[in-house]
Structure formats: C-alpha cells, structure tokens
Amino acid sequence: MDVLGALNLGDIAQTFSKMGMFPVFDLAYYIVSILYLKYEPGSVEVSRRSPVASWLCAMLYCFGSYIMADVMLGSSPLDYFQHNSHILLASAVWYLLFYCPLNLFYKCVAFLPVKLVLVALKEVVRTRKIAAGVHHAFHAYHHGFFIMIIVGYVKGSGVALISNFEQLLRGVWRPETNEIMNMSFPTKASLYGAILFTLQETNWIPMAKSTLILLFTLFMITCKVVMTARHSHGSPFSLIESWVCHLLFGSPLGGAVEDHHGGAAAPVSPSSPAKSKEELSEGTRKRKAKKAE
Amino acid sequence: MDVLGALNLGDIAQTFSKMGMFPVFDLAYYIVSILYLKYEPGSVEVSRRSPVASWLCAMLYCFGSYIMADVMLGSSPLDYFQHNSHILLASAVWYLLFYCPLNLFYKCVAFLPVKLVLVALKEVVRTRKIAAGVHHAFHAYHHGFFIMIIVGYVKGSGVALISNFEQLLRGVWRPETNEIMNMSFPTKASLYGAILFTLQETNWIPMAKSTLILLFTLFMITCKVVMTARHSHGSPFSLIESWVCHLLFGSPLGGAVEDHHGGAAAPVSPSSPAKSKEELSEGTRKRKAKKAE
Amino acid sequence: MDVLGALNLGDIAQTFSKMGMFPVFDLAYYIVSILYLKYEPGSVEVSRRSPVASWLCAMLYCFGSYIMADVMLGSSPLDYFQHNSHILLASAVWYLLFYCPLNLFYKCVAFLPVKLVLVALKEVVRTRKIAAGVHHAFHAYHHGFFIMIIVGYVKGSGVALISNFEQLLRGVWRPETNEIMNMSFPTKASLYGAILFTLQETNWIPMAKSTLILLFTLFMITCKVVMTARHSHGSPFSLIESWVCHLLFGSPLGGAVEDHHGGAAAPVSPSSPAKSKEELSEGTRKRKAKKAE
C-alpha cells in the first residue's frame, strides 16, 4: 500500500513535471504579473502617455527573469524574445489589462476567486523557472554552486530584483530601498527554492527532481493563495528566520518577526513598492488602481 | 521611360547602399554627436575638471549604438573599440570641439550652413545603422521579429536611450524622465525605421533593401535638415500618432499634437535634456554653450 | 657585475610573476577590500538588517573587477563564481569582519602594522590583475589597444568604478559624483598601469612583462603603504598631472595640485565616498566604523 502510494506520487510528479507551461500556465503568469504592474502607482498614467514605456515595463514584468538569467550566463538578454508567440500573448494581456473598454478584463481577472486560481497557476511557472534556471547553470558550470543558486534565484524572482530600474523606466526613482534589502515573500522563497534545487541537482538531496518540483509547487501555491486571500504579507519563514538571523548575524530578536521584515522598511513610506510589489493588501491596491483610471 | 526611371532609381540606390561610411560620413556623425554633447549643460565644465569622464561621454555619444546593440546580442560591449581608427577619429573630434584654442573648431561646425550639411550626413549613417542592426539580428534570430526591431531601434537611437546613465557619468541625475517616455524625433524615427527594415528583411515589404535605405535616408535628411534650420522640435508624425494613440491607447486627443509630445514633458522643465537632446532651438543652445565656456 | 645584477633582477621578477596568489595574497585582498566596505557609512547597519545585501556588496568589493572585466569581454558576469574556494574564503572574511564576537577580527586586521602588510599584499594582487586583464583582452582583440587599456583599467579599479551601483544595493544614492569624475589614487594608478601593460603587451616597451610587473608592484606598494601609514590621500601623480592637464585640457593651474583633485569634489561633502573610498584618513574611518557598531 505504502509502496504503491510512493509509486503514485512519483508518477504524479513525473507527469506534472512533464506538463507544458504554454499557453495556459504562461497566460496566468502574464496576467498576474501585469496585474501587479497595473497596481503600481502611476503605471496607468504612463500607459496613457507613453505606450512604448508601458509595454516595455510589461515585458520586463513577464520576461524579466529570462532576461536576467540570460545576462547572468552571458547570453543575449533578448534571447527569449525569439519566442514570438509568448511575446504576442503577453502583449495581448498587457493591451487588454490597460486599454480594454470599461476596464472589463481587469475587473474579471482581479475578481478574487479568479485571481486566486491565476496566482496558483503562476506559482507553478515560478517553481519550474527556478528548477530550469538551476539546471541551465548546472550545465554551464558543473561545480558552480553559487552560480546555480544565483541563476535559480533570479529566475524565480524575476523583475523584483531589478525593480529599481524598471521603475526608472516609468520615471520613478526610489534609491532608498530595493528588493535585496527588503525581500518580499516570493523573492525569499525563490532564494530558498534555488538552494534546494541546487542541492538536488548536485545530489545532496536524495529526491527525484520531479518530486521536489511537485512539493515546492504545492508549498508555494498554498502560501501565495492563502496570503492573497487573506490580503496578508507576513511570511511563513519569519519565525525561523528571525532566530537564525539573530544567532548568525546578531540581528535584533525582540519583535523580530516584524522587525526583520517590517523594521527594515521603517524609514520608507508604508506603500513603498519594493515591499508592496506582490504583497500589498487587495483593498489598497484596488483603490489605487481605480484612482489611477 | 518609366522602366528606365525605376532602373535608374534601383541603380542609384544600389550604388548608394554600397558607399563606404568611413571616414567622411562617420566624421560628420562624430562631429554632430559630440556637438550635441557640448550643448548639454555642464558638459564643458566636466571636460575641464575630468577629461576622462568627458572622453567617455563622447565615446558613448559616438559609439553608444554599437555598444548597446552588442550588449543586446550578447557580444562584448567593447567590440567596436577594436576599430582603432574610428576611436582615434572620434577622440580627435572630441579634443578639437572641447579644447581647440579660441573655440575655433566649434564655431566652424556650429555655423548653420556647415551644420546642416553635417546633420544630413549624420542621418545617412543613422539609416545605415538601423538597416545593419536589423540585418545583424536577422542573422542571429531568423524569426525574432521583436529582436530585429529592438536591435534596429537601439542602433538608430544610440546614446539617447541610455541618456540617464550617460548623464550620471557627468554627475547629473534626472530620473523623472527618459528617452522612452519622451521620445525625440530621431528616436521615434529609428523605431519606425526599425519596423520598416524588419518588414523588408522578412519579405513583408516587396522592395529592395537598397531602395528602402535610399528612401528612408532621404526622408530623415529632409526632416532633420528642416527641423535644424527652423530650430523646431515638432515631429512630422505627431498628427497621425495622436489619432492612432487616441484610438488604440485612449490618449487624450484635444490639442493632441502638443499633448502627446509636450504634455508628457509638462512636469519637466522646458529645457529638459531628454526632450532637448537633439531638438533644442539653436539660439538657446548657443547661448548655453557660450555661457559654459 | 651589472650583467649579473640584471640577470638576478630578471630571475627575481620571473619567480615573482610565477608566484601563486591563492590563498595568501587573495586573502589579504579580500580582508582589505571588505575592511573598506565596513568603513562605508551605513554598511554595518545593512549587515544587521539584510545579510544578503551585505554579502552581495562584499562579493562586489572582492570580485567586482572580475565581474566587470567579464562583462566588458562579453562573458558571463558570474564566471568567476565557479571558483567556490575563493567565494567561500571571501565569505568567511566577510562573516568574520562583520559578525565576529567583540569585533575581534576587525580589531586585528585594522591594527595599523597588520593593515600595512595586508595593503602591501593587496597591491601585489592588483598589479597582477591589471596585467592579466590586458593579456586576456590582447588574446581576444590583438589590435584592440583601447580594449586592452579599458579591461586592464577595470581589472585594477574593481568595485570603485561601479561604486554608484554598489551603494544603491545598500540604499545609498549619490549621483552627483562618481569614481570616473573624481578618481582616487588606486583608480588612477590602474589606468596608468593598464596603459603601461598595454604598451608592453604590444611591444612598445622593450621590457619583460615579469620585470614590469615587479617594478609596478613595488611602486604601488610604496605609494599605498606610505599613504595608508600617513593617512594621506594626496597622489604622487598630481604635480605632473596638473601640468599636463593644464597644457592639454586647459584645466586651471593655480593651486592645481588641490584643484584638479580636490576642486572637482568641492561641491561634494568632504566625506564623499567616491573620494574617500580608499583614501579617507584612518582616524575618521575608525571613528565612523566604531559609531556604526
């Protein structure tokens, strides 16, 4: 019975890891990503004044992870743009989200139940990207553990890591904060995921890659769906992190849960985008997006 | 008679597209480019205090398009610097423009009739660069339409697209604007040119490349020479653009001609460099350059 | 006797240039580099709040020259990170310098006699890097004199050239100055060294490379040790530079020694990091670092 269960899990994982991402999952990824772009204050205004800048930002939101990973491994940053169908699909999503009459498309996808499904699908893509990034780096540098971790990390985090420069494209400059200093949950999870997949790739974790992909995907989906549904931006890592950081790096412990995550952002206004990128409460976001219309 | 005319046009276009750019056309390109650098407020002061920073800026003005296109296609950004004669020629122009006794060289090339000729020659080089950029990208990615357009675009626009970072080199930082948000005429024309040459390269435009080069060059020369002579910075595209943007992107139409182009720059001071880079009226420029001496 | 002397010098130079840098010299390089990072105002605070950002900055301080040279030559910027032992050693130094109980490690290595030895060892590595950078570029571009100089220059200067962006990682943004506009002594020496090694590589200087390495190392060690010991940030080049700049670039001569170097920084606060990176007087530094604890 147990053996059969294990076999089944392995089979499911195998099937799951072979599943194509295009177009359903990628579509969800593009929708959620560009939705977050629309939540950014000022982005709707930019889309009216300068469609080219808005389109470029949307492309960075959708393909930033590919661009950065290609840069990190010395390939052409435009390499992914040879997939015309992906670019056209993302462009269509961008157009519908920003310019659809009556804002209909936006209202559909921002409707909470729909959005929860899309967020779940997006996390499937994110996990795949991390695994693919680590694998890609492994092929280029068989013993480059740090390279694997970094490439997996940027593949998972995407545009968040270059949000300072993405904002600059929209005429916004916030040098006092960045995603590395104030990591949001998806960025942190990408870092931990990249470490896990690197350990798996170098055989330090005795587990099939497909199983790890399945488990990590389930973890990410659970976390993000719960966080999105509850409009929360706490992190499931914060308790253990605050202890580890206290022990290793002498970070203050008292009220560490908020302190390590929120305290860092203290001098920054509460609606700072590095913090709020993916974690701002739904309510504020909608208000902002509506005002911007 | 008609056939003969067509034949002649084809022959002329063929001859024209075979014509070498070095040294005459390139020299004009360097002179006009570094002239625009000298028009930038503060650049003369930087040339006195830090010749190395000034020289680097001049190189970015002359070779920014090559550097960016190489980066976009994953090559070494210094690749073009192997052409020592080009670098030396540009350096000589930089030296003469900034340090010539009595400012003689500057006075010669900034004299309007001379400048009009140089501007015309510069546009010849720009068109060639766009065509070469598209062709180069086509060879790397046969179906990468977006890549061809982007590479042709950066080859035509040159330093303008990275003007924020070029300014940073001179200690100036203006995050509230950039060339993508407020495209000047040459940048816009480069974008449209890149689209045209991409369509030609992929056989969507039934026209020989040499003919397209000739026609686009003539269009660019006419526009730029007229604009330089009239000290204007309107754009021949603005009417059609305002309608297209209104229909597609819901941009406001009333007074759209100024609104789409000037409105975007409204919060920015009228002498903002992104706007004025190549389009500031001659008078203001000369005054500024003289004051800076 | 003279021949024997020459032979001996050649032998010594040969042996010296064959000497491995890892781990002793590299260790000194990492210690001094990360020490300078700790001197930066705010860096200790960042290390408490965001260890990842602090670690990344430390890596940029240690490996910035490799990263930049790889970028300049079109390779992967992470290429050097395949040397796990180097990364681990630098990470250990970073950990000890920032998190060692009682700040013991910092106190040891910042003790002047120890520091002078480490500074001397660091200059050995710097000279090697310049030579290796020029040689690497020479292999890629046999006649690319400018490329050789630029690559040698970035290999010698390291993180200083990208200090604006390294600071951004720590939430600091000082656009009004940069290392190119206000070169510190090591940056300037790297530029001159890169020119010398390029001339040697292209046979314009009739001297064995090993001899040039030995002589340049001795020059750098002497200068840096004296400057560190005397807490000075004058430059041995300033007199000749001020004359050359006056003749070639019309820079003001009166009080030129301070003017060319200090004058440029006049509008900047005296503790500006571009200036002070490696040259701030010991006293101020220690006070700052202590306050930051």
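Structure's up top.
Quick caveat, the model's predicted, so the values are computed rather than measured. (Residues numbered from 1 in each chain as written. Chains lettered and ligands numbered in written order. Predicted model: local features only at pLDDT ≥ 70, side-chain atom pairs only at ≥ 80, totals over all residues. Heavy atoms only, no water.)

## Looking at the interface of chain A and chain B
Taken together, the contact pairs 31 residues of chain A with 28 residues of chain B. The largest contributions to the chain A side of the interface with chain B come from A:R49, A:L78 and A:L168, which together make up 25% of the buried area. On inspection of chain A and its partner chain B, the count reaches 0 salt bridges. The interface formed by chain A and chain B holds 8 residue pairs in polar contact (both at pLDDT 80 or more) in total. For the side of chain A that touches chain B, the elements supplying multiple residues, two or more each, are α3 (43-49), α4 (51-72), α5 (84-99) and α9 (163-169) of chain A. Tallying contributions element by element places α5(A) first for the side of chain A that touches chain B, with 6 residues. When the residues that make up the side of chain A that touches chain B are grouped by side-chain class, the tally is 19 nonpolar, 8 polar and 4 charged. (Contact = heavy atoms within 4.5 Å. Buried area = accessible area lost by both parts, 1.4 Å probe. Salt bridge = Lys/Arg side-chain N within 4 Å of Asp/Glu carboxyl O. Polar contact = N/O pair within 3.5 Å; in protein donor to acceptor, adjacent residues only side chain to side chain. Helix = DSSP H or I, 4+ residues; strand = E, 2+ residues; numbered from the N terminus. Nonpolar A, V, L, I, M, F, W, Y, C, P; charged D, E, K, R; others polar.)

## Regarding the interface of chain C and chain B
Between chain C and chain B, the contact holds 28 residues from the first and 31 residues from the second. The largest per-residue losses of area from chain C upon contact with chain B belong to C:F146, C:M181 and C:F249, which jointly make up 28% of the total buried on that side. Taken together, chain C and chain B are joined by 0 salt bridges. Where chain C packs against chain B, one counts 8 residue pairs in polar contact (both at pLDDT 80 or more). Those elements that place two or more of their residues in the side of chain C that touches chain B are α4 (51-72), α8 (145-157), α9 (163-169) and α12 (238-249) of chain C. Take the side of chain C that touches chain B: its biggest share by element is 5 residues, from α8(C). For the side of chain C that touches chain B, a count of residues per class yields 19 nonpolar, 8 polar and 1 charged.

## A closer look at the relation of the copies chain A and chain B
Both copies of the chain are tied together by a single rotation about an axis and a shift running along it. Note on the identical chains: chain A maps onto chain B by a rotation of 120° and an axial translation of 0.0 Å, with an RMSD of 0.0 Å. Such a combination of rotation and displacement between the chain copies is what one expects of a three-fold axis. Among all C-alpha atoms of chain A, that of A:G74 lies closest to the rotation axis, at 3.8 Å. (Least-squares fit on C-alpha atoms with pLDDT ≥ 70 in both.)

## Observations regarding the side chain of C:S184
All names here are of chain C. Mapped onto the elements, S184 comes out in the loop between α9 and α10 (185-201). By relative accessible area, which is 3% here, S184 ends up buried. A distance of 2.7 Å separates the side chain of S184 from the side chain of E179, its partner in a polar contact. (Buried < 20%, exposed > 50% of the residue type's maximum accessible area, 1.4 Å probe, protein only.)

By themselves, these observations are geometric and do not establish any function.
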